[in-house]
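One letter stands for each residue in the lines below.
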Amino acid sequence: MSLEEVQTIVALGAGSITKRVFGDGRIERCDNVKDVALYIEKIDEMIDRKRNLLETDM
């Protein structure tokens with residue numbers, strides 16, 4: 001198993017994907033839109049989604 005499969009990764013920017021690895025091995029992802037203009041328009045929504053994913057109890 002490589003590091004990327006067991007490590008939580010927080011990614012910022014258009015087209016990036018944040019990945020949360022939970023204690024039981026479950027993985028959830030939260031992606032950002034790829035279009036830069038749309039990314040800027042929806043930044044608050046994406047921050048909230050990442051915050052919810054990362055604040056969830058392990």
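Scroll up for the structure.
Residues numbered from 1 in each chain as written. Predicted model: local features only at pLDDT ≥ 70, side-chain atom pairs only at ≥ 80, totals over all residues. Heavy atoms only, no water.

**A closer look at the pattern of salt bridges**
By the definition in use, this model includes five salt bridges. Of the charged contacts in the structure, one is a salt bridge between Lys42 and Glu45, with a shortest N-O distance of 3.8 Å. According to the relative accessible area criterion, Lys42 is partly exposed, its value standing at 28%. Judged by relative accessible area, which is 42%, Glu45 ranks as partly exposed. Across the pair Arg51 and Asp48 runs a salt bridge, and its minimum N-O distance is 3.7 Å. (Salt bridge = Lys/Arg side-chain N within 4 Å of Asp/Glu carboxyl O. Buried < 20%, exposed > 50% of the residue type's maximum accessible area, 1.4 Å probe, protein only.)

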